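# Chain and residue survey
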Amino acid sequence: MTQEELFKKLVAHCKEYGFIFPSSEIYDGLAAVYDYGQLGVELKNNIKHYWWDAMIKLHHNIVGIDAAIFMHPRVWEASGHVGAFNDPLIDNKDSKKRYRADVLIEEWMAKQGEKINKEVEKARKRFENFDEVMFRQTNPRVLEYQAKLDEVHKRMADALNANDLEGLRQIIIDLEIACPISGTRNWTEVRQFNLMFETKIGSVAEGANKIYLRPETAQGIFVNFLNVQKSGRMKIPFGIAQIGKAFRNEIVARQFIFRMREFEQMEMQFFIEPGTEMKWFKHWKEFRMSWHKALGFGDGHYQFHDHDKLAHYANAATDIEYEFPFGFKEVEGIHSRTNYDLSRHGEYSGRKITYFDTEKGESYVPYVIETSIGVDRMVLQVISASLKEEQLENGESRIVMSFPPALAPVKAAVLPLIKKDGLPEMADKIVDKLKFDFNVQYDEKDSIGRRYRRQDAIGTPFCITVDYQTLEDGTVTLRHRDSMEQERVKIDDLHSIISREVGFAKLFEKIVNKD
Ligand code: GAP
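Every chain's residues receive numbers from 1 upward, in the order its sequence appears when written. Reporting in this predicted model follows two pLDDT cut-offs: at least 70 for local features of residues, and 80 or more for side-chain atom pairs to be given and counted; totals over whole chains, interfaces and linings ignore these cut-offs and use all residues. Think of the side-chain values as coming from all heavy atoms in the structure, minus any hydrogens and water.

## Considerations on the overall build of the chain
Which entries qualify depends on this criterion: In DSSP terms, a helix is any run of H or I states spanning at least four residues, a strand is any run of E spanning at least two, and both are numbered starting from the N terminus. Working definition: with a 1.4 Å probe on protein chains only, accessible area under 20% of the residue-type maximum means buried, over 50% means exposed, and in between means partly exposed. Any two residues having at least one pair of non-hydrogen atoms within 4.5 Å are treated as being in contact. Here the accessible surface of atoms and residues is derived via Shrake-Rupley with a 1.4 Å probe, and residues count as covered only by protein chains that are part of the display.
In terms of regular secondary structure, the chain is built from 18 helices and 23 strands. Here the C-alpha coordinates of the chain stretch approximately 75 × 65 × 55 Å along the principal axes. Buried residues in the chain amount to 49% of all 515 residues. Once local pairs closer than 6 in sequence are excluded, the contacts in the chain between residues at least 24 apart make up 66%. Summing over all exposed atoms, the chain offers an accessible surface of approximately 25,600 Å²; the carbon and sulfur share of this is 49%.

Take a look at the structure:
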């Protein structure tokens, strides 16, 4: 099965089992907007919980806030979003389809990378004792492809940094990139397109003020810097974390919940002394990467990708990329934002936004390291990594979700073997014992095998089967999802067994003890 087919199965599975639905589906949906269903919301909440506690509980100097989505319109002038939060767009005149110019070029570069990999794989099959490093350094065809790739990469980075729209278009023309729909190279000029959604505040249109739906949650933190610092008597270095909705009028909306128009971010701004930003940038890069890797999806599926074009506020930036079925893509950004935001809010609001360092006896505008991750991209990462297709003996296949137990939407299913003789009542009692601490399901329909399969399809780590022996000796069969191993355990031990496996402590220990 190709990665594309696998991804289609993933989308279908998410809908069939109540993880994610297209928004307003009965009206044929709304592009790039999605709703989370009964299991999706549990998974999403668990991911938020994992992030929030890793930031707040594991750090004595990070606190959380929950700022409003609507903000004073001057915020977005100060932050630079009104002037500079743009994507370079190009239209194909025949298909009338619109693309991001830089994405078209990046896709060309990815194909060039694939050509190199193909050469390597061909040679690997041909030669015994194949030395890949040597081959990449000396093979003329590989060197030619690589040189072209490097040249295009540099041209694109230069054009983006210089805001040279004609230069971007020229790369597309020179590389003879064609529209995937029409197949033609009939391109318009490249234009900048602002991504912020506008709306009006106030009840009468004439008296209304234009405001924006926030395109990032970060600004809610910056405008509250003084409030939190003073009310919490925070000392630098310290961080403020927040989870909340953000909105962007994405033109190229693709790949399911990867790029949405309404999405959620988990952001943390870490306020530091000027001059220490590279030390903290490195620290947060490492911490955030270990947060991802602790989930156990395989270290090889992650990479850092430094930005070619720095955002208007940054002096260093990198992405953590995960290998989705459609390639390595950004899940999280780590940015050294200098003192840009606080300085600009000081300037635009007329307030003095500084920090007084009591030990040094001086005031300064703090610098900021930001970690910013999309909740929805993280959901997609977890689903992509957990979805496994298994071939059954009868030739059919089935999908199993091997979620990390701490993130699984349902932690345990309680299943009476049959629907009579007091077994359902006993199963109810077990549910009552567990439900205060865990999300548990009760299921009595169909054969036990089918019920196990239903739970595997939604990634439930434990199934608890109640049978006649349970009534005699107070034991149940505990089935483990991944090994399918079954063991006989006491009802009284269930809580502690489940608790040990599904708690976040196991993940946090891996982060804290990674060295
Ligand atoms: N405050 C910095 C900031 O917003 P960003 O790189 O534009 O930086 C951070 O966004 C993260 O938000 C991304 O790494 C991604 O996970 C998520 N994100 C951004 N745009 C998104 C979209 N249209 N749909 C889903 N997630 C998105």
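This is not the end of the story, as more comes after the structure.
## Description of the site of the ligand
The test is simple: Nearness here has a simple test: a residue counts as near a molecule or strand if at least one of its heavy atoms is within 4 Å of that partner. The definition of a polar contact used here is a pair of N or O atoms within 3.5 Å, where within protein one atom must be able to donate a hydrogen and the other to accept one, and adjacent residues in sequence count solely through side-chain atom pairs. In this count, Pro and Cys sit with the nonpolar residues alongside Ala, Val, Leu, Ile, Met, Phe, Trp and Tyr, while Asp, Glu, Lys and Arg are called charged and the others, Gly among them, polar.
Taken together, 22 residues sit near the ligand, with Glu216, Met260, Glu267, Glu330 and Val331 positioned nearest. Here a nitrogen atom of the ligand sits 2.6 Å away from a polar atom, N or O, in the side chain of Glu216. In this structure, an oxygen atom belonging to the ligand sits 2.5 Å away from a side-chain N or O atom of Glu330. Across the complex, the protein chains shield 93% of the 550 Å² of accessible surface that the ligand would expose by itself. At the level of elements, strand 10 (262-272), strand 13 (327-338) and strand 16 (367-374) are the ones that each hand at least two residues to the shell around the ligand. Of the residues assigned to the shell around the ligand, the class counts are seven nonpolar, five polar and ten charged.

## Observations regarding helix 5 (residues 101-126)
Applicable threshold: In a helix, the anticipated span is given by 1.5 Å times the number of residues less one.
The terminal C-alpha atoms of helix 5 lie 39 Å apart, and with 26 residues this matches the ideal 38 Å at 1.5 Å per residue to within 8%. Buried residues belonging to helix 5 abut strand 4 (86-92), strand 5 (98-100), helix 6 (132-138), helix 7 (140-161), helix 8 (165-174) and strand 6 (187-194).

## Quick look at the state of the cysteines
Our working definition: Cysteine sulfur atoms are paired as a disulfide whenever they come within 2.5 Å of each other.
Applying the stated rule across the entire model yields zero disulfides. Cys463 provides the cysteine sulfur closest to Cys14, a residue in no disulfide bond, and the two sulfurs are 20 Å apart.

## Observations regarding the packing of aromatic side chains
Formally: Ring geometry is summarised as follows: Phe, Tyr and Trp rings, the Trp one being its six-membered ring, pair when their centres sit within 6.5 Å, and such pairs are stacked at plane angles under 30 degrees, edge-to-face over 60 and tilted between the two. Definition used: whenever NZ (Lys) or CZ (Arg) falls within 6 Å of the ring centre and also within 35 degrees of the ring normal, the charge is taken to sit over that ring.
Per the stated rule, a full pass over the model turns up 24 aromatic pairs. Pairing Phe7 with Phe256 gives two aromatic rings, centres 6.5 Å apart and planes at 80°, and the pair type is edge-to-face. Of the two residues, Phe7 sits in helix 1 (residues 3-16) while Phe256 sits in the loop between strand 9 (238-247) and strand 10, which places them 249 residues apart along the sequence. Over the ring of Trp291 we find Arg288, and its NZ or CZ is 4.2 Å from the ring centre.

## What about the nonpolar core?
The criterion, for reference: Buried Ala, Val, Leu, Ile, Met, Phe, Trp, Tyr and Cys residues form a nonpolar core when they are joined through side-chain atoms within 4.5 Å. Throughout the structure description, domain borders are defined by an automatic or database domain assignment.
Ile20, Leu43, Tyr50, Trp51, Trp284, Val379 and Ile383 are the most contacted members of the largest nonpolar core, which has 65 residues in total. Mapping this core onto the domain boundaries places at least three of its residues in each of domain 1 (1-70 + 210-391) and domain 3 (395-509). Dropping the residues within four chain positions of it, Trp284 is found in contact with Met55, His59, Ile62, Met268, Phe270, Ile334, Ile369 and Thr371. Ranked by size, the runner-up nonpolar core spans 27 residues in total, among them Tyr99, Val152, Ile172 and Val190.

## Regarding the sheet that holds strand 21 (residues 462-466)
Stated formally: Pairing between two strands is assigned when DSSP locates at least 2 bridges connecting them. Axis lines are fitted to C-alpha atoms, over the contacting stretch for helices. Their N-to-C directions set the angle, which ranges from 0 to 180 degrees.
Spatially, 20-19-21-22-23 is the arrangement adopted by the five strands of the open sheet, whose pairing is mixed. A strand with exactly one partner marks an edge of an open sheet, and here the two such strands are strand 20 (440-442) and strand 23 (486-490). Sheet twist, expressed as the average angle between the axes of neighbouring strands with direction ignored, equals 25°. Note: strand 21 against strand 22 (residues 475-480), four bridges, orientation antiparallel. Each residue of the ladder has a partner; that of Ile464, found in strand 22, is Leu478. Helix-sheet contacts for helix 17 (residues 491-502) involve strand 19 (412-416), strand 21, strand 22 and strand 23, and the interaxial angle to strand 23 is about 120°.

## Quick word on the side chain of Arg248
We apply this condition: For this count, His and the chain ends are skipped, Lys and Arg are scored as positive, and Asp and Glu as negative. Salt bridges are defined by distance alone: a side-chain nitrogen of Lys or Arg within 4 Å of a carboxyl oxygen of Asp or Glu.
On the secondary structure map, Arg248 appears in the loop between strand 9 and strand 10. With no salt bridge to any partner, buried Arg248 finds its closest opposite charge in Glu250, at an N-O distance of 4.7 Å. Within polar-contact distance, the side chain of Arg248 engages the backbone oxygen of Pro215 at 2.9 Å. In this structure Arg248 touches Phe85, Leu195, Phe197, Pro215, Glu216, Met260, Arg261, Phe263 and Gln265, once residues within four positions along its chain are discounted.

## Here's the deal with the sheet that holds strand 13
Within a sheet, each strand pairs with its neighbour through backbone hydrogen bonds, oriented either parallel or antiparallel. Strand order in this open sheet of seven strands is 3-9-10-16-13-12-11, and the pairing throughout is mixed. With partners counted over all chains shown, the strands left at the sheet margins are strand 3 (62-64) and strand 11 (302-306), one partner each. Neighbour-to-neighbour, the strand axes of the sheet open up by a mean angle of 25°, direction not taken into account. Sitting on the sheet, helix 11 (residues 277-293) is in contact with strand 3, strand 10, strand 11, strand 12 (316-324), strand 13 and strand 16, with an inclination near 150° to strand 13.

## What about the domain arrangement of the chain?
The condition is simple: Buried area: the accessible area, evaluated with a 1.4 Å probe, that two parts lose upon being put together, summed over both parts.
With domains assigned, the chain is organised as domain 1 (1-70 + 210-391), domain 2 (86-194) and domain 3 (395-509). For domain 1 versus domain 2, the distance between C-alpha centres works out to 28 Å. Summed over both partners, the interface of domain 1 with domain 2 buries about 860 Å², with 54% contributed by carbon and sulfur atoms. The largest contributions to the domain 1 side of the interface with domain 2 come from Ile251, Asp308 and Lys309, which together make up 57% of the buried area. Seen at the junction of domain 1 and domain 2, the total is zero salt bridges. On inspection of domain 1 and its partner domain 2, the count reaches zero residue pairs in polar contact (both at pLDDT 80 or more). Residue composition of the side of domain 1 that touches domain 2, by class: three nonpolar, one polar and five charged.

## Describing the pattern of salt bridges
One pass over the structure, following the stated rule, counts 37 salt bridges. In this structure, Arg398 engages Asp456 in a salt bridge whose closest nitrogen and oxygen atoms are separated by 2.9 Å. Here Arg398 is found in strand 18 (residues 397-401), whereas its partner Asp456 is found in helix 15 (residues 448-458), with 58 residues between them in sequence. On the basis of relative accessible area, Arg398 is assigned to the buried category, the value being 13%. Two residues, Lys506 and Glu501, come together in a salt bridge whose shortest N-O distance is 3.2 Å. Residues joined by salt bridges that share partners form a network here, namely Glu121, Arg124, Glu132 and Arg136.

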